[in-house]
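# Reading the structure
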Amino acid sequence: TKMKLPDQEESESSNAHENVPVEELDSSLGPSTSPDGPSDTDIRELGICKDPLLFIQLNELLGWPQELEWRETGRWMLFEEKLEVGAGRWSAPHVPTLALPSLQQLRSLLSQGLVLLNCPAQSLLELVEQVIQVESLSPELRGQLQALLLQRPRHHIQTRGTRPCWGSTHPRKASHDENVPLKEQCQNSLIQKLPPRAEAAAVLAGELGFLAQPLGAFVRLRDPVVLGPLTEVPIPSRFFCLLLGPPTHGRGYHEMGRAAAVLLSDLQFQWSVRRASNLQDLLAALDAFLERVTVLPPGRWDSTARIPPPKCLPFQHKRLPLQMQEAKDLFFLCRAHTEDRHSHESHEPSPELQRTGRLFGGLAQDVRRKALWYPSDFLDGLHPQCFSAVLYIYLATVTNAITFGGLLGDATEGAQGVLESFLGTALAGAAFCLMAGQPLTILSSTGPVLVFERLLFSFSRDYSLDYLPFRLWVGIWVATFCLVLVATEASVLVRYFTRFTEEGFCALISLIFIYDALGKMLNLTRTYPIQRPGSPAYGCFCQYPVPGGNESQWTRTKPKDRDDLLSMDLGLVNASLLSPPECTQQGGHPRGPGCHTVPDIAFVSILLFLTSFLFAMALKHVRTSGFFPSMVRKVLSDFSSVLAILLGCGLDAFLGLATPKLMVPREFKPTLPGRGWLVSPFGANPWWLTVAAALPALLLSILIFMDQQITAVILNRKEYRLRKGAGFHLDLFCVAVLMLLTSVLGLPWYVSATVISLAHMDSLRRESRDCAPGEAPSFLGIREQRLTGLVVFILTGVSIFLAPVLKFIPMPVLYGIFLYMGVAALSSIQFMKRVKLLLMPAKHQPDLLLLRHVPLSRVHLFTAIQLACLGLLWIIKSTPAAIIFPLMLLGLVGVRKALEWVFSPQELLWLDELMPEEERSTPEKGLEPEHPFSGYASEDSELMYQPKFPEINISVN
């Protein structure tokens, strides 16, 4: 019979290496760094200290009846690692499993053996001398046992920069320097994973022929001391356990040694045994461990299988000993005065989202709040981690500027292009990083704004309006409306943006990306139709050199396709229906230098499109695969878009066909010929258009507000542990000013880009460095500063001079990246998981937490309502009334409010989030999972109280 250990049944804090984590006493109330929680001084005054990490090593006695030697066979910090002798390596960390008899035998042996709980030994020799003082041992046996225990064990040590080595080749007897660590111990790479205050525990087990009866000893040193080469890492030892006995059948003492090591690796057992005063306390801690184990019936599973470590360890509030419960009571008494002081604000929003009742009151508070942190915003950016973040986000920003610049040029027929995209990104982004309330935000062109730009251009073209002057007045009105929103503190309304609204917005953006990418490729295939084998070629496309070193491109095609050809953003210098003299066709095949059939170009364009998309998707999933080291996987996943573009360009250069390329100006001047950098406010438009522009500007203001603030809400969630606070009003004010500036210069409009901003935060996340093997690093927060964003946008501005390189990027590659952006963003939201449930039988559905607490029919109803809203948004976007679709986005908030009449607060808590009114109407104790039986300790009831940690795992799209 095997057992599943308590760590796998119960929950515990993610900082699992701490024996008495304060988070365990307060995990349901937020992270320990919360301003409402007790300080470290308060915790120390209460006597609630954090015990050091315990490294446990099992040394097994092997070689009886021949030459005896101690050999390290296992080690534990949080999970078990076994020495695979044949392979000469340590196994992957895994959850330990034990046989129930081994724990029972260990308890019996300890109850009859020697227990020293405050041993004053200061060396291994003194410790051994006290352990062998057992009445049942004769002086001769004591001498033999002392010599045996002082032998140096053989360790399997992985030294830094070398192959694994054994700590000692042959057993050696004690000498005057037995307490001096070996050179290999000091070079052990495992030391890097141990925190400074780590302690060791040595478990010695084995069969000894000259013993007539079992010998057991458990020692807790009063002061931890380094016991020489006893353990593979030279750190002070706190515990020593000896389990010896006569030879038996099976591997009894080996399993008892593993049982002792697993007990010591259990956090609650450690807490109890560190404070035990006698044998009864030790046995009580062992019995408490046995009460919480889960038995796996024999024959139902493979006992040799190794259970991988869970991604997040559950919280063990049910296993707190009585002493810890008392400490917990003191802990909450310490919090009482804080809770009393803030009880009337328990359901109030964060300070950034509270109304002041004054014009620009929220803006003034944001400025005062952020001014205190302004010097540190630059000093904190001098950390080495920020330099790697600059390279990462710079490549992401350049990729985004290239992609959206090319698509914007296609949508506006050259009124704006890549050069404007680079210049606007650099100018607006740098200014935002210097002035904004949340400098971690990255400004960029976004899908909804791109859709509105296309609609605005189409409207101007259909009614013969001068586009850029009309756009200027729209921008002026948008800036005015946004300033009104800032003055009236409208940003407090972001409290009503729940996940329902965020998912609808994200799904619409993703579908726009996917639809536009596929639409562009379909247009390209219509321009270059694919012919069946043996049919005459549709035409030929030729390149030939002309004086001056440039290349001219000529196209022979049917006259009826002239409009299609010239409407494509091919980036050609010349295009004509006449072919050059050396271009002739015989039998449907072109002749002459640089001539290609149109079907060739079509095939290659589709190949580039699919290659860039599939390669980017493959690299995105490398992060969760088992290939390559973790750092390599992270780099490949983070730079998936950049690598996909490079692969597409390389493949295009290798094939050498004249595929459609990105159109980039050769000089530093606007893409549209004949215009300057300042847009004329009137142009050829009538005067009344300056007033009429207020109507589309009102709709765009709603879109800007939602696009900007939804991203701000996501970035400023509490689980990201931002110390310097948000600045919703200040951010919107900066966006309004930049809207005015970019409109005057004829540059694209910019708002916060969710994906790149999340990637920026991901590159600056702070994690604990001291992690046990198999343990996920603990999230500590984000490195908040302004320097990385500022440097990124300065480098983006310098990249304007990369035009000679950017002109070689094929447009099908950018379309493939655009498709990848849509698919990646769509697959990352919970909405898609619930959509998949509609097509899954119940027995094949994943074990989602919400399915444990909400009936499946109610989940399907919620998903169907979201699908209906998304379909309505898409229909409006695709009709002549598309210009009002920002107003429909705002309607998502109203739909979510109406759902309170359909779903209970309990259901909405699992399916979405509660709105402010629902939170205020919730009892003080909050909502808890409902169970059919009162007092029933459900295995998942504590999942409500797991600490929230951000899942920033979106690669740069």
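Note that residues are indexed from 1 along each chain, following the sequence as it is written. The model is predicted, so local features are restricted to residues of pLDDT at least 70 and side-chain atom pairs to those at 80 or more, both for listing and for counting; the totals for chains, interfaces and linings are taken over all residues. Derived side-chain values reflect all non-hydrogen atoms in the structure, with water molecules and hydrogen atoms excluded from consideration.

## Some thoughts on the pattern of salt bridges
Each salt bridge in this description consists of a side-chain nitrogen of Lys or Arg and a carboxyl oxygen of Asp or Glu lying within 4 Å of one another. Applying the stated criterion across every chain, the model contains 29 salt bridges. A salt bridge links Glu69 to Arg71; the nearest nitrogen and oxygen atoms lie 2.8 Å apart. In this structure, Glu69 and Arg71 share a single accessibility class: buried. Glu199 is the salt-bridge partner of Arg274, the closest N and O atoms lying 3.1 Å from each other. Here Arg274, found in helix H9 (residues 267–274), pairs with Glu199, found in strand S10 (residues 199–207); they are 75 residues apart in sequence, far enough to count as distant. This pair shows no difference in class: Arg274 is buried, exactly as Glu199 is. The network of salt bridges with common partners includes Asp377, Asp380, Lys724 and Arg786. Burial classes: relative accessible area under 20% of the type maximum marks a residue as buried, over 50% as exposed, and values in between as partly exposed (1.4 Å probe, protein chains only). Each helix is a run of H or I in the DSSP string that is no shorter than four residues. Each strand is a run of E no shorter than two, and both are numbered from the N terminus.

## Here's the deal with a nonpolar patch on the surface
Taken together, the side chains of Tyr374, Leu434 and Met435 present a nonpolar region at the surface, about 250 Å² in accessible area. Here Tyr374 lies in helix H13 (residues 374–379). For patch building, the residue pool is restricted to those with more than 30% relative accessible area and no salt bridge; the joining distance is 9 Å between like charges and 5 Å between nonpolar side chains (Val, Leu, Ile, Met, Phe, Trp, Tyr). All accessibility values rest on the Shrake-Rupley procedure with a 1.4 Å probe; residue burial counts only the protein chains present in the view.

## Describing unusual backbone geometry
Of note, the phi angle at Glu413 is positive, near 55°, even though the residue is not glycine. Of note, Glu413 is situated in the loop between helix H14 (384–411) and helix H15 (418–435). Phi at Ser464 takes a positive value of approximately 55°, unusual for a residue other than glycine. For Ser464, the position within the fold is in the loop between helix H16 (447–462) and helix H17 (467–487). The exposure class assigned to Ser464 is exposed, which follows from its relative accessible area of 68%.

## Notes on the environment of Asn118
The residue Asn118 is located in strand S7 (residues 114–119) in this model. For the pair Asn118 and Arg220, spaced 102 residues apart in sequence, the C-alpha to C-alpha distance is 5.7 Å. Other than its neighbours up to four places away in sequence, Asn118 contacts Arg220 and Arg222. What makes two residues a contact is simply this: any of their non-hydrogen atoms within 4.5 Å.

## Structural notes on the nonpolar core
One broad trend across soluble globular proteins is that nonpolar side chains are buried collectively. Core analysis: the largest hydrophobic core is formed by 147 residues, its most contacted members being Val474, Leu700 and Ile704. Ranked by the residues each element gives to this core, the list is headed by helix H24 (residues 694–715), at 13 residues. Setting aside anything within four residues of it in sequence, one finds Ile704 in contact with Val449, Val478, Cys482, Val735, Met739 and Val751. The definition of a nonpolar core used throughout is a set of buried Ala, Val, Leu, Ile, Met, Phe, Trp, Tyr and Cys residues joined through side-chain atoms within 4.5 Å. Core analysis: the next-biggest nonpolar cluster, separate from the first, contains 33 residues, Trp76, Val262, Leu263 and Leu286 among them.

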